[in-house]
Amino acid sequence: MFDQASPSPLQSLQHPLLERHRLRLWIKRDDLLHPRISGNKWRKLKYVLRQALTEHAQGLLSFGGAWSNHLHALAAAGQALGLPTVGIVRGEPASAANPTLSDAAAWGMALRFVSRQDYRRRQDPDWLAALAAGHSGFYLIPEGGSTALALPGVAELWRELPAVDQVILPVASGGTLAGLLTARPAGTRITGYAVLKGAGWLARTVSALYPPATLDPGWQLRLEHHGGGYAKCPAQDRQRILELAAELSVPLEPVYSGKAILGLFRDIEAGRYPAGSRLLFVHTGGLQGARGGL
Ligand SMILES: *Cc1c(COP(=O)(O)O)cnc(C)c1O
């Protein structure tokens, strides 16, 4: 499954704003990387799952919200590998009827719903030990799949990219950004658009995953384009994302790709990207999550 993906398409984008600011913009369509395991989750899971197989794991257990791209991807991967999967879901059992969790269940994932309060303990060793006790031999993957083993799969993305001045991507837990940093070409800067509010901790999380990031001046985070918080999107932003999707002929969703592109376009308008720059936006996928009609 992880050997067969062909490179995802690379598209050149046209937009009057880009012309006005003399910028070139490409988009790496990782949303098209795999029919079920979209975008960065495919790249992040590649070596994590290889390790689980090496350890002869009896199954895979992970965490996520009711619209989690990560749980959706993990369910598909588990089915393809013939490994049972368990999803610990933050929220009410009623959300099992949504398209994300319906797919996951149809692909064999056992769903366990926990209260928001319990879910906060997802890094607490005692709670994890209690969870694991019910699933002996299962391989535990943290929320979003951001472990050290997520980085090499993401780093492989560079093999499929042309030489550019800036790579731009949406950021939540920072695993994808950290993976890109491990193999950043000297002439390419990376700018991550945080989709969570108040993500001042994010730089430390990226550095915890990849310590050399601390001393690397070639990357930055944009923290003010969160639109009010994770999965929140004011009506006028949603409208603007729909327009941008039409103008660029690229499908966007409001949680990650749409929010980050909107931030990018606002920054372009504000003159933050020098004229003549070659920019490349990574479409990290996640379109499945937009089936809720966001
Ligand atoms: C999970 C996800 C992200 C965030 O990736 P991190 O590695 O957690 O920063 C971005 N885009 C999409 C579509 C995702 O599903």
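Residues numbered from 1 in each chain as written. Predicted model: local features only at pLDDT ≥ 70, side-chain atom pairs only at ≥ 80, totals over all residues. Heavy atoms only, no water.

**Student:** Would you mind showing me how to read the overall build of the protein chain here?
**Tutor:** Along the protein chain, the regular secondary structure elements total 11 helices and 10 strands. For the protein chain, whose C-alpha radius of gyration is 19 Å, the value lies close to the compact-globule estimate of 19 Å for 294 residues. Taken along the three principal axes of its C-alpha coordinates, the protein chain extends 60 × 40 × 35 Å. Out of the 294 residues in the protein chain, the part that is buried amounts to 53%. Within the protein chain, residue pairs in contact and separated by at least 24 positions form 73% of the contacts whose partners lie at least 6 positions apart. On the protein chain, roughly 12800 Å² of surface is accessible, and the fraction owed to carbon and sulfur atoms is 53%. A gap of 2 Å separates the mean positions of the 31 positive and 22 negative side-chain charges of the protein chain. (Helix = DSSP H or I, 4+ residues; strand = E, 2+ residues; numbered from the N terminus. Rg over C-alpha atoms; globule rule 2.2 N^0.38 Å. Buried < 20%, exposed > 50% of the residue type's maximum accessible area, 1.4 Å probe, protein only. Contact = heavy atoms within 4.5 Å. Areas by Shrake-Rupley, 256 points an atom, 1.4 Å probe, with all protein chains shown as cover. Lys, Arg positive; Asp, Glu negative; His and termini not counted. Charge placed at Lys NZ, Arg CZ, Asp CG, Glu CD.)

**Student:** Looking at this structure, I do not really get the environment of Ser207. What am I missing?
**Tutor:** Mapped onto the elements of the fold, Ser207 is located in helix α9 (residues 202–209). What makes Ser207 buried here is its relative accessible area of 15%. Distance in space between the C-alpha atoms of Ser207 and Ala178 is 7.5 Å, their sequence separation being 29 residues. The contact partners of Ser207, leaving out residues within four places of it in the chain, are Ala213, Thr214 and Trp219.

**Student:** Is there a simple way to explain the site of the ligand in this structure?
**Tutor:** Not every one of the 14 residues close to the ligand is listed here, only the nearest: Lys41, Lys44, Ser173, Thr176 and Thr284. One of the side-chain nitrogen or oxygen atoms of Lys41 is found 2.7 Å away from an oxygen atom of the ligand. In this structure, Gly175 approaches the ligand through a main-chain N or O atom, which is 3.3 Å from an oxygen atom. In the complex, the protein chains occlude 97% of the 380 Å² of accessible area that the ligand would expose alone. No fewer than three residues from each of domain 1 (10–36 + 147–293) and domain 2 (39–145) sit in the shell around the ligand. (Near = heavy atom within 4 Å. Polar contact = N/O pair within 3.5 Å; in protein donor to acceptor, adjacent residues only side chain to side chain. Domains from an automatic or database assignment.)

**Student:** Quick question: what am I supposed to make of the domain arrangement of the protein chain here?
**Tutor:** How big an interface is tends to be expressed through the accessible area that disappears when the partners come together. Its domain assignment divides the protein chain into domain 1 (10–36 + 147–293) and domain 2 (39–145). Distance between the C-alpha centres of domain 1 and domain 2: 25 Å. In this assembly, domain 1 packs against domain 2 so that about 2100 Å² is buried in total across both faces, 52% of it on carbon and sulfur atoms. Looking at the side of domain 1 facing domain 2, the largest losses of area belong to Arg36, Leu149 and Gln288, adding up to 29% of the total buried there. Applying the counting rule to domain 1 against domain 2 returns 4 salt bridges. Here Lys46 and Glu156 are joined by a salt bridge, their closest N and O atoms 2.8 Å apart. Inspection of the domain 1/domain 2 interface yields 13 residue pairs in polar contact (both at pLDDT 80 or more). (Buried area = accessible area lost by both parts, 1.4 Å probe. Salt bridge = Lys/Arg side-chain N within 4 Å of Asp/Glu carboxyl O.)

**Student:** What exactly am I supposed to notice about the sheet that holds strand β8 (residues 189–194) here?
**Tutor:** Within a sheet, adjacent strands bond to each other through the backbone by hydrogen bonds, running parallel or antiparallel. A sheet is described by the order of its strands in space; here 6 strands give the open sequence β1-β2-β10-β7-β8-β9, paired in mixed fashion. Strands with a single pairing partner mark the edges of an open sheet, and in this sheet they are β1 (10–13) and β9 (219–222). The average undirected angle you get between the axes of adjacent strands in this sheet is 25 degrees. Bridge count for strand β7 (residues 166–171) against β8 is 6 bridges, and the pairing is parallel. Bridge assignment links Val171 to a residue of β8, and that residue is Ala194. Strand contacts of helix α11 (residues 257–269): β2 (24–29), β7, β8, β9 and β10 (278–283), with the helix running at about 160 degrees to β10, the strand carrying the most contacts. (Pairing = 2+ DSSP bridges. Axes fitted to C-alpha atoms, helices over the stretch in contact; angles between N-to-C directions.)

**Student:** Please clarify how the side chain of Arg43 should be interpreted in this entry.
**Tutor:** Structurally, Arg43 is set in helix α2 (residues 39–54). Looking at Arg43, the relative accessible area reads 3%, which means it is buried. Once residues within four sequence positions are removed from consideration, Arg43 is found in contact with Ser8, Lys28, Asp30, Leu33, Ala150, Gly153, Val154, Glu156, Leu157 and Glu160.

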